[in-house]
Amino acid sequence: MTDQESLDNYLNGNKKQLDFTWEVKANDRAYHTQFRKRVVFCLTRKKYADNAIKTAKYNVLTFLPLNIYEQFHRMANLYFLFIILLQTIPEISTLPWFTLLLPLGCLLFIRGIRDLIDDIARHRSDRVINSRPCEILVGKSFSWKKWRDICVGDIVCLRKDSFVPADLLLLSSSEPSSLCYVETADIDGETNLKFRQALLATHRELVSEASMAAFDGKVTCEEPNSRMHSFVGTLEWKGEKYSLDSEKILLRGCRIRNTETCYGLVIYAGFDSKIMKNSGKIKMKKTKLDRLMDRLVIVIFVMLLLTSFCLAITAGFWAVTFHAKHSYLSAFYIGSSPAREAFFAFWGFMILLSIIIPMSMYITFEFIYMVNSCFIDWDLEMYYPPKDTPAKARSTSLNDQLGQIEYIFSDKTGTLTQNIMTFKKCCINGIIYGSANSENKPSAASWSWNPYVDRKAEFHDPVLLEAILRNDDPVLREFLRLLAVCHTVMVEKKETGQLVYQAASPDEEALVTAARNLGYVFLSRTQDTITLSELGTERTYRVLAMLDFNSVRKRMSVLVRDPEGKIRLYTKGADVVVLERLREDGPNEAFTQKALDSFAEETLRTLCLASKEVKEEDYAEWNKRYHEASVLLQNRSQELDKVYEEIEQDLQLLGATAIEDKLQDGVPETIHLLTQGNIKVWVLTGDKQETAVNIGFACRLLSDDMEILEEKEICEMLEAYWASNNNLRSSAEALCKFPQRSGVLCPRKMALVITGDFLDKVLCTEEKVKRKEGFWARLACCKSRMQQEEESSMEKAFVDLATNCQAVICCRVTPKQKAHIVQLVKRHRSVITLAIGDGANDVNMIKTADIGVGISGQEGMQAVQCSDYALAQFRYLQRLLFVHGRWSYLRICKFLRYFFYKTFAGLMVQIWFAFYSGFTAQPLYEAWFLALYNVFYTAYPVLSMGLMEQDVSAKKSLKFPELYKVGQRDELFNYRVFCVAFLHGTVTSLGSFYIALWAFEDRAGSRVVGDYQSFAITVATSAFLSVIAEIIMDIKFWTILSFLAIAGSLLFFCLLSFFTQNFHAFRAAPSIFRFPGATQNALSDPYVLCIILLCVVVNTIPALTVRLLRTMTGAGAIQDKIRSQDMRVAESTVELQSHFRRSSLKRRSSYAFSHKEGYADLISRGASLRGKDSRSRSRVDEGSCQSVLLPTGEGTAPSTASSSRVLLKEYN
């Protein structure tokens, strides 16, 4: 339903369509404070929110409980807390309770500090935004306040270049007819100007601060919602009711441009504003490995329970047997029973084996994440010198997931493009200019004849300049004259004489600037004239009619009378509409079509230019029909289009222009690499479909061998899909009544290009306005389970179709739709997604995706502030994923695999020892060895692996993006890898224990080593050295840190064993230091050293054998794959370039129009023109802010060029 239809229903008394329950009364804060709404049960809050925003998660009171609650969402933390509680029970405790409490406290503290730092940054950002200054009407004058002080119903004053603090109803402005020009770069990334216009009633009446203070209008409109481009309401004032739509609303985040002063009434404030409704909530993101670790913790805990239970049962049976065989010891077992001993044995084994899930792993985990994030921050290859902007890892816990991305959702404007249009080439009379010499910089002498030239212009062709200066080609004159006349650009002449053009779109500015540089300078315009300087001669043309551009016509025309009295029609537009309106057998048409094909191959934005002379009698007759159509009350625009069509016939082709929509550096190469790495890129933009498709070709997302599916074809394929799956047949037929295709999803290369409106229709996601009609009414409106299943099937069918396409472009989508598309792919494909954008309209998408990347561009920092990673350019994404992401995934996976291996290898021995200790849960190892094994002895080698490990260099990672697929398939760490690590560790522990047990047979003698302590030292040393040997074989990238880590582990083992087994320490605390001199006694015996060497060799043989077999078979040898690929790439290397050549000519590049219709009407009515001598709506007393003078007329400009010229402010 359109805004107008909704409004008509409301005005006619039909309130069933929409509920208009949001009432705003101007200058009456008390009126709004009386309204409250129920939140839950009996709790209520203010209905009208204040303007302060809060994006932070915590405050002083909620940080500790909320953060602890989030921390204990991790299964490992719950597990450690459970073990600590068990250790506090003396009867079953085998280790001191503080041995786990201290590490757990350190882990919670480190993570809490990290979360606190992130949240403090959010608080600072909120404070900066909420403290922005603005002028609020207080009493009878405006005073400076802060954004957070604004309330619904307040009237605020905004100045040029200031940001709009809330959603406002435009009341008046300093521009004629109360126009207000805004830039929405912070919302949608577009830098072209958009206009808003106040009601005629408020424009005429609100002429001073006193009238503003006396304004008591009441706005009734829809409840706050997320529809960015829709607003429906009415203004009741002085007994009259006026309709309101989105063209009269200034949205929060817009920037005032080319308007000295404007005034607005606050409609929605703070979180009720449309941009905040689209921002989404802060979501706690967890990586795929994090979720896998949570499941593995449960698996290990279940294994621990089963093992402890089996050992406890065995302990009970062993106690029965022992009591029967040794009845003479019955005095020691009074009050005890086998069941009781089994019960305590169960909990003893639970505590003893709990270190199989080491807490040190999680602490090391956090450190590795933090250092790898620093590597991203320090990478000079991702540093952007022009803006002094480095890459920034704003989140330190998602690095490994950068190596598993499968779908990238990208914004277009400001992310892929620079939104800078450059005039590159043109074709005049069948001759292409700018192709050969456009790269040569012109000399100062070559521009000396033109005082208005823009010396920064890139287009330069000496041949064209020479032909222009000869001035003997009428077609060339008409071509340049058309560029200078047929547009809606406005101009300001500085005191220095410099001309500053302000255009509704960068395309038009590029064309008019090109004409100026070529000697045909647009000087000024009035309501019905336009003045040019043609090679130094000033000529004034009278504008008879402006035939405005719209997305259906795809062209714009202007009808002028030249100084000689002749009437001429100048037309520019898309080739497909202009070429079919040419006179038959026009000269050079074939050459121009070839030129258009050539421009299309370079993905330039093209326009065809044509003109004709109109006879006086034809004009008089046409003008009569034009006037009749322009005063119609119904179907005016359709009738005007028909009248326009009549005169835009039998045109003479003048030529064509080619404009480059500049991509950011390296965008095509980056997308090409991402595609090679099996990453699909979807473009989600609020821009027009034609512009987005053109950029898709330019950045290599689309190619000519792809079939671009249109809405009709999409409906047919979805219908066939639903029919083949016996789902939603009736719904599909109701949605799309098209003939069914043969086949469901064709295997050919396809690209999907859809609009936001079509997406709503397919997925039934149009937002419904909430109604308050009672419980039973709401219950009747609730969806049935069947309907929910149908909508879910619709979503799945659409996602299946979209994911089978090689490229997807979604145009005219709202911020909420962007997030919804990301959510659909995550839900139905279970893949890792990344969203990248630069504007506030991308925030919701960035928050929804698994990884959010913000581009720190020209549109502000909203996207960066809500992102996980910040980059200065899109091209740095390839290094972020293929280098840092892949390395982080590799390092974390090898760290986890090795950590589990070394833990099982060293600590599974406790289980085997239980079979020889009467299942009493007695530790085999010294308590200090258990405490230091994962902290000092084996921590540093695995830490060095987690920090520095590489399988290939950064250069190779970028050269062979296919290596990235390993992370997408979860090959390096999964349940299979965990099971292999478990089996490997179990085999190592069996070897260490039973070889030592076999060697330590019962012997007698004074020099025989066969005691319990020596056996424990032998097993511990064997396990430790076996683990060190394994990591030495596993490290692929040796650095000084790797050598120091290995040496440090050996050194710590020797030193700490000496200190913990020192006799002085034993005398001081015999209950803590229980192994005095055990290591020195055991390791000084050559027999024990031979046992240890044998254990290490036997434990190492399986790993060496597997590596030898893999090397012989070539399985997993990355270096061999790279060498073979090097040979293939060397034979067929193709250099990536900014533009690619398309062999097929069936598709042309898009036409160079990107502004909305309506600007020609503003110029024709004189609504946007200001006289030089009359500065309307200027403040009388700027310093005291006492009064504002507003014009009493409509601001109509005189019709002569000499009396008035257009004056606009500079737009930066």
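Located above this text is the structure these notes cover.
Values in this document were obtained by computation on a predicted structure and should not be read as measured data.

K.L.:
Even after reading the chapter, I still don't get the side chain of R516, so can you show me in this structure?
P.N.:
By the secondary structure assignment, R516 is in helix α15 (residues 506-517). Residues contacting R516, with those up to four places away along its chain left out, are N450, Y452, D454, L499, Y501 and V521.

K.L.:
In this structure, what is going on with the packing of helix α10 (residues 288-325) against helix α11 (residues 338-352)? I would like to understand it.
P.N.:
The description of two packed helices rests on the angle between their axes and on the distance between the axes. Running from N to C, α10 and α11 point in directions that differ by 145 degrees, and their axes come no closer than 8 Å. When you trace α10 past α11, the crossing you get is right-handed. Facing F301, L304, L305, S308, F309, L311, A312, A315, G316, A319, V320 and H323 of α10, the residues of α11 in contact are P338, E341, A342, A345, F346, F349 and M350. Residues belonging to the contact of α10 with α11 are distributed by class as follows: 15 nonpolar, three polar and one charged.

K.L.:
Sorry if this is basic, but what is going on with the state of the cysteines here?
P.N.:
The bond known as a disulfide is covalent and runs between the sulfur atoms of two cysteines. Within the structure shown, the criterion is met by zero disulfides. Looking at the unpaired C608, the closest cysteine sulfur is the one in C427, lying at 9.0 Å. Overall, C608 belongs to the buried group, its relative accessible area being 0%.

K.L.:
I would appreciate a short explanation of the pairing of strand β31 (residues 750-755) in the present structure.
P.N.:
Most of β31 sits inside the fold, with six of its six residues counted as buried. Covered by surrounding structure in β31 are M750, L752 and I754 together with A751, V753 and T755, the residues of both alternating faces. In terms of strand pairing, strand β30 (residues 707-709) meets β31 through three bridges, oriented parallel. By the bridge assignment, L709 is partnered in β31 with L752. Pairing between β31 and strand β32 (residues 807-811): five bridges, direction parallel. Its bridge partner lying in β32, V753 is registered against I809.

K.L.:
What should I look at first to understand empty space enclosed by the protein in this one?
P.N.:
Rolled over the atoms, a probe with the dimensions of a water molecule shows which regions are left empty. Applying the stated rule across the entire model yields eight cavities of 30 Å³ or more. Put simply, the largest cavity is a space of about 100 Å³. Within the residue set of the lining of the largest cavity, elements represented by two or more residues are α32 (927-937), α37 (1012-1034) and α38 (1040-1060). By residue number, the principal contributor to the lining of the largest cavity is α37, which donates four residues. Within the lining of the largest cavity, the residues separate by chemical class into eight nonpolar, five polar and one charged.

K.L.:
I tried to follow the sheet that holds strand β11 (residues 233-237) on my own but got confused; where do I start?
P.N.:
Sheet strands associate in pairs through backbone hydrogen bonding, adopting either a parallel or an antiparallel arrangement. The strand order β1-β10-β11-β12 describes an open sheet built from four strands, whose pairing is antiparallel. Strands with a single pairing partner mark the edges of an open sheet, and in this sheet they are β1 (22-25) and β12 (240-244). Averaged over neighbouring strand pairs, the angle between their axes works out to 20 degrees when direction is ignored. Bridge count between strand β10 (residues 218-221) and β11: four bridges; the pairing is antiparallel. Residue pairing in the sheet places T220 in a bridge with T234 of β11.

K.L.:
Looking at this structure, how should I read the pattern of salt bridges?
P.N.:
Opposite charge on two side chains lets them pair, provided their charged atoms get close. Counting across every chain of the model gives 52 salt bridges. In this structure, the salt-bridge partner of E466 is R470, at a minimum N-O distance of 3.6 Å. Of the two residues, E466 and R470 are both situated in helix α13 (residues 462-470); the distance of four residues between them amounts to about one turn of the helix. Overall, E466 belongs to the partly exposed group, its relative accessible area being 48%. Three or more residues joined by partner-sharing salt bridges are found here, namely E478, R481, E534, R539, E564, R568 and E613.

K.L.:
I'm lost on the environment of S1042 in this one. Help?
P.N.:
Topologically, S1042 is positioned in helix α38. On the basis of relative accessible area, S1042 is assigned to the buried category, the value being 2%. Between the C-alpha atom of S1042 and that of Y940, which follows or precedes it by 102 residues, the distance is 8.5 Å.

K.L.:
So what exactly am I meant to see when it comes to a nonpolar patch on the surface here?
P.N.:
Where nonpolar side chains cluster on the molecular surface, the patch consists of F109, I110, I113, L116, I117 and I120 and spans about 510 Å² of accessible area. Mapped onto the elements, I110 comes out in helix α5 (residues 98-130). Taking relative accessible area as the criterion, I110 reaches 36% and is therefore assigned partly exposed.

K.L.:
Whenever I open this one, the nonpolar core confuses me. Can you help?
P.N.:
Membership of the largest hydrophobic core comes to 100 residues, with the highest contact counts inside it found for Y362, F900, L924, Y925 and F973. Looking at this core element by element, the count peaks at twelve residues for helix α30 (residues 876-907). Discounting chain neighbours no more than four positions away, the residues touching F973 are L289, L292, M293, L296, Y889, C893, L896, R897, F900 and F978. L158, L168, L170 and A840 belong to the second largest nonpolar core, which has 52 residues in total.

Basis of the calculations
Residues numbered from 1 in each chain as written. Predicted model: local features only at pLDDT ≥ 70, side-chain atom pairs only at ≥ 80, totals over all residues. Heavy atoms only, no water. Helix = DSSP H or I, 4+ residues; strand = E, 2+ residues; numbered from the N terminus. Contact = heavy atoms within 4.5 Å. Axes fitted to C-alpha atoms, helices over the stretch in contact; angles between N-to-C directions. Left-handed = near helix turned anticlockwise from the far one by under 90°. Nonpolar A, V, L, I, M, F, W, Y, C, P; charged D, E, K, R; others polar. Disulfide = S-S within 2.5 Å. Buried < 20%, exposed > 50% of the residue type's maximum accessible area, 1.4 Å probe, protein only. Pairing = 2+ DSSP bridges. 1 Å grid on protein atoms, 1.4 Å probe; cavity = no way out; pocket = protein on both sides within 12 Å on 5 of 7 lines; lining within 4 Å. Points joined across faces, edges and corners; volume = space filled by probe spheres on them. Salt bridge = Lys/Arg side-chain N within 4 Å of Asp/Glu carboxyl O. Patch = residues over 30% accessible without salt bridge, like charges linked within 9 Å, V, L, I, M, F, W, Y side chains within 5 Å. Areas by Shrake-Rupley, 256 points an atom, 1.4 Å probe, with all protein chains shown as cover. Core = buried A, V, L, I, M, F, W, Y, C linked by side-chain atoms within 4.5 Å.

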